[in-house]
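Coordinates in review
What follows is the residue order along each chain.
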Amino acid sequence: MTDIMNATVLLSNFVIIPVLAYGSQLALGALGVTLVYGILRFANFAHGDLMAFGTMITILVTWWLQSIGVSFGPLPTALLALPVAIVFTIAMALFTDRAVYRFYRRKRSTPAIFVIASIGVMFVLNGIVRFIIGPNDQQFADGERFIIKARSFKHMTGLNEGLAFKVSQGLTIGIVFVLVISLFWFLQNTRTGKAMRAYSDNEDLALLSGIDPEKVVMVTWIITAALATIAGTLYGLDKSFKPFTYFQLLLPFFAAAIVGGIGKPVGAIIGGFVVAFSEISITYAYKKFLKYLVPENWAPEGLVQFLSTDYKFAVSFLILVLVLLIRPMGILKGRVI
Amino acid sequence: MNNVQRSVLSFALIACLLLIVGLFQSWSLMLSILNLCLISSVMALGVNIQWGYAGLFNVGTMGFAALGGVAAVLVSKGPVPEAWAVGGWNLIIAAFLFMLTVTLAIITYRRIKRGTLRLLVLSGTIILGIFATRYFSDPAIADIEAVNPALTGYLGGIGLPILFSWIVGGVFAAGAAWVIGKIALGLRSDYLAIATLGISEIIIAILKNEDWLTRGVKNVAGLPRPVPYEIDLQKSDWFINLTEWLNSNSLYGLSSIERADLLSSSVTEFSGIYVKLCYTGLFAAVLVIILTMSVMALNSPWGRMMRAIRDNETSAAAMGKNITGRHLQVFIIGSAVIGIAGAMLTTLDGQLTPGTYNPLRFTFLIWVMVIVGGSGNNLGSVLGGFLIWLTWIEAEPVGVWLIDGATGWLGGTNPIRLHLMDAAQHMRLFMMGLVLLIVMRFNPGGILPEVTKVGKLSN
């Protein structure tokens, strides 16, 4: 019995909790990608860098707050800085739309042109972030680090395996839960939300019914920028902030959005957790876990790891390929490719 | 101004810029930049073949270039007999089992009708296949990587001249492109972009982690050169005579000791330049061959068909053109060109360093070259390759120089000034983005726009 408990705790510590946290972060990012895809109809390559931009503002404000001695008790100071960062990021997103994307929208350019434009925006944002904060790792988490510490958990339960639950993980799961529920409430019940869904479903019909496209686009950017900033800050608190890592997160975001069915907000969330679960569960070494469960002489010799952790990105891509082959529209029927 | 005048003027401008670099910085630096300009142009030509001719949105350039680099290692390095002895057979068996798995999976997929049965058989085959393959490959890889890990720890190559790898690099990239194309072509253009971006990241991940193949992040250094080594040149009589003859003016009338000093320093300096010039010659030859072939292809009926498909797939299909087939073909050709450029780059570097492959530099910068130069115009891509690479390299010294001038009044140790000086190199990303956006908006055809007969009539 203790063996089974130990195995469960081990799995929770190294797979389930990380999946919940990472999946929530991916879900927020993928929501941004999917919203832009649904409304503006292109794959936004600048999303990772928009996220990096928002996180950079959070970090700068956090540093300023720390320097004047403000803190948020046990919670990270970054949460206090977050609203300011969201405002800046929204301004940046609206500016890029006004300066870049609106022109092509009016010309009704093909998606490929939009994507190339977003590559230009990606370069510019990337340059700004590296210019201001530099290309290196930045740690900005403060306050308490753990909700449950591995050692006190062992002490409490008397098990061999400890369970650590970080504040950043708890915050991520909680904040994302609240955000997702309010986003869906907004999309389902408010006038603007309904307009957005109508516009995403059928642009011409929406225009005929008097929906103002510029307003829909504006609201989309506001939501996307806010989600990107929050996702970036949570990811940075959980791991660390590095511009290049944020750029690379683009791939799991796209994978999550496409796996779930692109253009579908619920799909993005499902996709986020599917991608996170596969990335972590395929690269986890199950040796210790199996040792608890199987009789002693059956215990495996190797690590029982399907792929080395360096192939994390490859895993999200493999899922992407599988979905494209088997069910190109994604789990929930998204836009036809 | 017509296109010919524009081309001449733009290339004259590039030549002037290179001259300025040569006169004010150094000729050796100018040649290094020129060599990379030539390689970038070949890469840009590859992207142009895919995007400019056929409208295929491939952002996996980095992966194909890296495959070219792998080819350079596998062709030029000598084999490691110990590694082959300990792990060769197991690895061959593993490779055979892997191919068997893939074949069986494809057969199951084709022969059994869609449904639960197919899913079960297919996943059963794949899982069994993976376990069988890893049963042989895991110990083989462990054995190979244990062979003198500080120096080898990999299988090595076949020890042929490295020039041969330029062709092999193209073949590797073409093979990868065939597999990728089979999976991803036919998707919407921006999906193809996401798919290729992902595949290029996977290729780099494999290069970084599969030590038995290319030593992973331990890098493979000291690749043999296709051109002479400086040290050999400095010892050979004909080279010293050549230097003496070239410098006869400045050597004239010096005392014998001064003369010997000056001569030996000139020989050292000139040997470096001579080696770079040899590379320039090789790269320029490749560029000219590929450019000529591209221009001929674009002006042939095949090129017109590609453009017809790009501009209107439906009507081209109605004319009986095989859209998927042609797309696959052009995707493979373009990728092969990128693979050749990748092999050339690794040859120039003399080493394969998987850690340095970065999508901003190897994928998106190439795209900036194509768009700025003029997509659909081969000469435009070459121009873009030269112009953007020159800007990319020179942006750093110029940026530092500008910021130095602008913040000089702050004093030498001012933290803002120091930060700005330090960060000046990142401004080039910003600049590239800005250039791309401005060209796309105000001059969407690029510097040298595509030339079409239809275009002349309609204007």
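Note that the structure is predicted; figures quoted are calculated from it, not measured.

Our focus in this paragraph is the overall build of chain B. Across its full length, chain B carries 20 helices and 0 strands. Seen through its principal axes, chain B has C-alpha atoms that stretch 90 × 65 × 50 Å. With 459 residues in all, chain B has 41% of them scored as buried. Contacts in chain B between residues at least 24 apart in sequence constitute 82% of all its contacts with a sequence separation of at least 6.

Our focus in this paragraph is the overall build of chain A. Check the secondary structure of chain A and you find 14 helices and 2 strands. In summary, chain A has a C-alpha radius of gyration of 21 Å against a globular reference of 20 Å for 337 residues, a match within 12%. For chain A, the spread of C-alpha atoms along the three principal axes comes to 70 × 55 × 35 Å. Taken over 337 residues, chain A has a buried fraction of 47%.

Here we take up the environment of V294 of chain A. Mapped onto the elements of the fold, V294 of chain A is located in the loop between α13 (287-293) and α14 (312-326). C-alpha of V294 of chain A to C-alpha of A256 of chain A: the two residues are 38 residues apart in sequence and 34 Å apart in space.

For the rest of this paragraph, the subject is the interface of chain A and chain B. Between chain A and chain B, the residue contacts involve 34 residues of the former and 31 residues of the latter. Among the secondary structure elements, those contributing two or more residues to the side of chain A that touches chain B are α3 (78-107), α4 (111-133), α11 (250-260) and α14 of chain A. By residue number, the principal contributor to the side of chain A that touches chain B is α4 of chain A, which donates 16 residues. Along the lines of polarity and charge, the residues of the side of chain A that touches chain B split into 27 nonpolar, 5 polar and 2 charged.

A word on unusual backbone geometry. Positive phi is not limited to glycine here, since R41 of chain A has a value of about 65 degrees. Note that R41 of chain A resides in the loop between α1 (2-40) and α2 (47-67). With a phi angle near 65 degrees, N219 of chain B is a residue other than glycine that sits in the positive phi range. Residue placement: N219 of chain B occurs in the loop between α8 (211-214) and α9 (230-235). Judged by local crowding, N219 of chain B falls into the partly exposed class, with 15 C-beta atoms found within 10 Å.

On to the nonpolar core, then. Membership of the largest hydrophobic core comes to 216 residues, with the highest contact counts inside it found for V42 and M344 of chain B. The element contributing the most residues to this core is α1 of chain A, with 18 residues. Not counting residues within four places of it along the chain, the set of residues in contact with M344 of chain B comprises I39, V42, W166, F283 and V286 of chain B. Membership of the second largest hydrophobic core comes to 12 residues, among which are A94, F136, Y154 and W212 of chain B.

Residues and elements named next belong to chain B. With 98% of its residues at a pLDDT of at least 70, chain B reaches an overall mean of 88. Put simply, helix α20 (residues 453-458) is where chain B has its lowest mean pLDDT, 49, and helix α15 (residues 323-349) is where it has its highest, 95. Low pLDDT (under 50) marks residues 455-459, which in the prediction has 0 contacts with non-local residues, meaning those over four places away or in another chain. Both scores are given for the predicted complex: the pTM is 0.90, the ipTM 0.89.

As a further point, take helix α2 (residues 27-54) of chain B. All names here are of chain B. With 28 residues, α2 ought to run about 40 Å at 1.5 Å a step, and its terminal C-alpha atoms sit 39 Å apart, in line with that. Along α2, the sharpest kink reaches roughly 40 degrees, centred on N48. Of all 28 residues that make up α2, 24 are buried, and the element is covered over most of its length. Looking at the residues trailing α2, positive phi occurs at G55, about 70 degrees.

All right, on to the environment of L420 of chain B then. Residues and elements named next belong to chain B. Here L420 shows up in helix α18 (residues 415-423). Taking the C-beta count within 10 Å as the criterion, L420 has 20 such neighbours and is therefore assigned buried. Expressed as a C-alpha distance, the spacing of L420 and G159, which sit 261 residues apart in the sequence, is 48 Å. When residues no more than four places from it in sequence are discounted, the contact partners of L420 are I403 and T407.

Many descriptions give the size of an interface as the accessible area lost when the pieces come together. Residues and elements named next belong to chain B. On domain assignment, one finds that chain B holds domain 1 (3-79 + 156-449) and domain 2 (80-155). Relative to domain 2, the C-alpha centre of domain 1 lies at a distance of 35 Å. Across the boundary between the two partners, domain 1 contributes 7 residues, which contact 11 residues of domain 2. Each residue belonging to the side of domain 1 that touches domain 2 can be placed in one class, and the counts come to 3 nonpolar, 2 polar and 2 charged.

All names here are of chain A. The N-to-C vectors of α1 and helix α9 (residues 213-238) enclose an angle of 160 degrees; their axes lie 9 Å apart at closest approach. Classed by the angle they form, the pair α1 and α9 counts as roughly antiparallel. Between α1 and α9 the crossing geometry is left-handed. Judged by residue contacts, A21, Q25, L28, G29, L31, G32, L35, V36, I39 and L40 of α1 engage V216, V217, T220, I223, T224, L227, A228, I230, A231, L234, Y235 and D238 from α9. For the contact of α1 with α9, the residue count by class is 16 nonpolar, 5 polar and 1 charged.

Criteria and cut-off values
Residues numbered from 1 in each chain as written. Chains lettered and ligands numbered in written order. Predicted model: local features only at pLDDT ≥ 70, side-chain atom pairs only at ≥ 80, totals over all residues. Helix = DSSP H or I, 4+ residues; strand = E, 2+ residues; numbered from the N terminus. Buried ≥ 20, exposed ≤ 12 C-beta atoms within 10 Å, placed from the backbone. Contact = placed C-beta atoms within 7 Å. Rg over C-alpha atoms; globule rule 2.2 N^0.38 Å. Nonpolar A, V, L, I, M, F, W, Y, C, P; charged D, E, K, R; others polar. Core = buried A, V, L, I, M, F, W, Y, C linked by C-beta atoms within 7 Å. pLDDT = per-residue confidence, 0-100. Expected span 1.5 Å × (residues − 1). Bend = angle between axes of the 7 residues up to and from the residue. Domains from an automatic or database assignment. Axes fitted to C-alpha atoms, helices over the stretch in contact; angles between N-to-C directions. Parallel < 35°, antiparallel > 145°, perpendicular 65-115°, else oblique. Left-handed = near helix turned anticlockwise from the far one by under 90°.

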